[in-house]
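Structure assessment
Here are the chains, one letter per residue:
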Amino acid sequence: MSEEEKEERIPEAFLKTVSDFYKESDTVFKEFDAIRENYSKGEEIMEDLKGFRSKRPGIFGLIYDIFHKEVELEDKLDRAGIEKEKRDKILEFRERFSDLADEIDLLVLGELGLGA
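Residues numbered from 1 in each chain as written. Predicted model: local features only at pLDDT ≥ 70, side-chain atom pairs only at ≥ 80, totals over all residues. Heavy atoms only, no water.

With respect to the packing of aromatic side chains
For clarity, the cut-off: Only centres within 6.5 Å qualify two rings of Phe, Tyr or Trp (six-membered ring in Trp) as a pair; their planes then separate them into stacked at under 30 degrees, edge-to-face at over 60, and tilted for everything else. By the criteria applied, helices consist of DSSP H or I runs no shorter than four residues and strands consist of E runs no shorter than two, each listed in order from the N terminus. Burial here depends on accessible area, computed with a 1.4 Å probe over protein chains only, as a share of the maximum for the residue type. Under 20% is buried, over 50% is exposed, and the range in between is partly exposed. By definition, being over a ring means that NZ of Lys or CZ of Arg is both within 6 Å of the ring centre and within 35 degrees of the ring normal.
Applying the stated rule across the entire model yields nine aromatic pairs. Between F29 and F93, the aromatic rings sit 5.4 Å apart at their centres with planes inclined by 85°, giving edge-to-face as the arrangement. Of the two residues, F29 is situated in helix α3 (residues 25-40) and F93 in helix α7 (residues 84-96); the sequence distance between them amounts to 64 residues. Taken as a pair, F29 and F93 share a single burial class, namely buried. When the centroid spacing of 4.7 Å and the interplanar angle of 45° are considered together, the rings of F93 and F97 count as tilted. The pair F93 / F97 is uniform in exposure class, with both members buried. One aromatic cluster is present, formed by F21, F29, F32, F52, F67, F93 and F97 through successive ring pairs. The lysine or arginine in question, R53, covers the ring of F60, its NZ or CZ lying 5.7 Å from the ring centre.

Things to note about the nonpolar core
Heads up, the condition is: Nonpolar cores are built from buried Ala, Val, Leu, Ile, Met, Phe, Trp, Tyr and Cys residues. Side-chain atoms within 4.5 Å join them into one set. Pairs of residues are marked as contacts when any of their non-hydrogen atoms sit within 4.5 Å.
Formed by 30 residues in total, the largest nonpolar core has its most connected members in F21, F32, I63, I66, F93 and I104. By residue number, the principal contributor to this core is helix α5 (residues 57-68), which donates seven residues. Ignoring anything within four residues of it in the chain, the contact list for F21 reads V28, F29, I59, L62, I63, I66, K89, I90 and F93.

With respect to the environment of L100
Within the secondary structure, L100 sits in the loop between α7 and α8 (101-111). On a C-alpha basis, the gap between L100 and S40 in space is 9.8 Å, while along the polypeptide they are 60 residues apart. The residues touching L100, leaving out its near neighbours within four places in the chain, are F32, I35, R36, Y39 and I45.

Section: the pattern of salt bridges
Oppositely charged side chains can pair when the atoms bearing their charge come close. Going by this rule: Here a salt bridge means any side-chain nitrogen of Lys or Arg lying within 4 Å of a carboxyl oxygen belonging to Asp or Glu.
Scanning the entire structure with this criterion turns up 16 salt bridges. Residue E83 pairs with K86 through a salt bridge whose shortest N-O separation is 3.5 Å. A relative accessible area of 38% means that E83 is categorised as partly exposed. You can call K86 buried: its relative accessible area is 15%. The residue K89 makes a salt bridge to E92 at a minimum N-O spacing of 3.4 Å. Here K89 and its partner E92 are both found in helix α7, three residues apart, which amounts to about one turn of the helix. Residue classification places E92 among the partly exposed positions, given a relative accessible area of 32%. Members of the salt-bridge network, linked through shared partners, are D33, R36, K89, E92 and R96.

Here's what the structure looks like:
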């Protein structure tokens, strides 16, 4: 297998995560609606985000990518031939919960020791 072919291959785990996100999108959206509602009231949401991540680590990773690796994610979706419905659901999530992007970033960076 050439280097180019290796680069083109999309990990099965990524494909499964995108499918899981799509299949569970009603639940995921409801959970994030609740988190966003708490956020809009000025409440601390880190524990909510950590709780979601512990239940659905793969989907949380995809959500992080939706906000923070947009170009790379688009490229991966293109190369994997992800269906329009699934892509639309990802786009809908990004638009609906964009106000939580910084909080998600703080959680991830904080745990990597890069946060404030």
